[in-house]
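# Descriptive structure summary
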Amino acid sequence: MNKLRYLVLALPLALSGCLEVDQFPGWLHGEYAGKPDDRHYQTRFHGDRLAWSASILNRGLKQNEYNRANP
């Protein structure tokens, strides 16, 4: 009776490892089948990569402490 009780208690634990589902989309015809990811220059700068690059450069220059301390 005790063995049957232990088996009944252990069965959900044993089956819980079998329920793992894949969390990524598969490959179709050699290509990624998931949603395409947009780049920042495509979403925030309307596809203008040069404007995005200039914005990143200006942001980096403003973070330089030597330039901020000695204007």
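Quick summary incoming for the structure in this document. Bear in mind the structure is a predicted one, so any value in this text is a computation, not a measurement.

## Comments concerning the packing of aromatic side chains
Two aromatic rings are characterised by how far apart their centres lie and by the angle between their planes. Enumeration over the complete set of coordinates arrives at 2 aromatic pairs. The interplanar angle of 75 degrees and the centroid separation of 6.3 Å between the aromatic rings of Trp27 and Tyr32 together place this pair among those described as edge-to-face. Since its relative accessible area comes to 61%, Trp27 is described here as exposed. Note on Tyr41 and Trp52: the rings are 5.9 Å apart at their centroids and 50 degrees apart in plane angle, and the pair reads as tilted. In this pair, Tyr41 is assigned in helix H2 (residues 40–43) and Trp52 in helix H3 (residues 49–62), connecting sequence segments 11 residues apart.

## A short note on the pattern of salt bridges
One pass over the full model with this rule turns up 1 salt bridge. The closest approach of N and O atoms between Asp37 and Lys35, which form a salt bridge, is 3.6 Å. For the pair Asp37 and Lys35, one class covers both residues: exposed.

## Examining unusual backbone geometry
As a rule of thumb, non-glycine residues mostly have phi less than zero, and peptide bonds are mostly trans rather than cis. Although it is not a glycine, His29 adopts a positive phi angle of roughly 55 degrees. Here His29 is to be found in the loop between strand E1 (27–28) and strand E2 (31–32). The phi dihedral of His46 falls on the positive side, at around 55 degrees, and the residue is not glycine. In this structure, His46 sits in the loop between H2 and H3. Taking the relative accessible area as the measure of exposure, His46 reaches 75% and is therefore exposed.

Conventions we followed
Residues numbered from 1 in each chain as written. Predicted model: local features only at pLDDT ≥ 70, side-chain atom pairs only at ≥ 80, totals over all residues. Heavy atoms only, no water. Phe/Tyr/Trp six-rings, centres within 6.5 Å; stacked < 30°, edge-to-face > 60°. Buried < 20%, exposed > 50% of the residue type's maximum accessible area, 1.4 Å probe, protein only. Helix = DSSP H or I, 4+ residues; strand = E, 2+ residues; numbered from the N terminus. Salt bridge = Lys/Arg side-chain N within 4 Å of Asp/Glu carboxyl O.

Shape is all these values report; function is a separate question.
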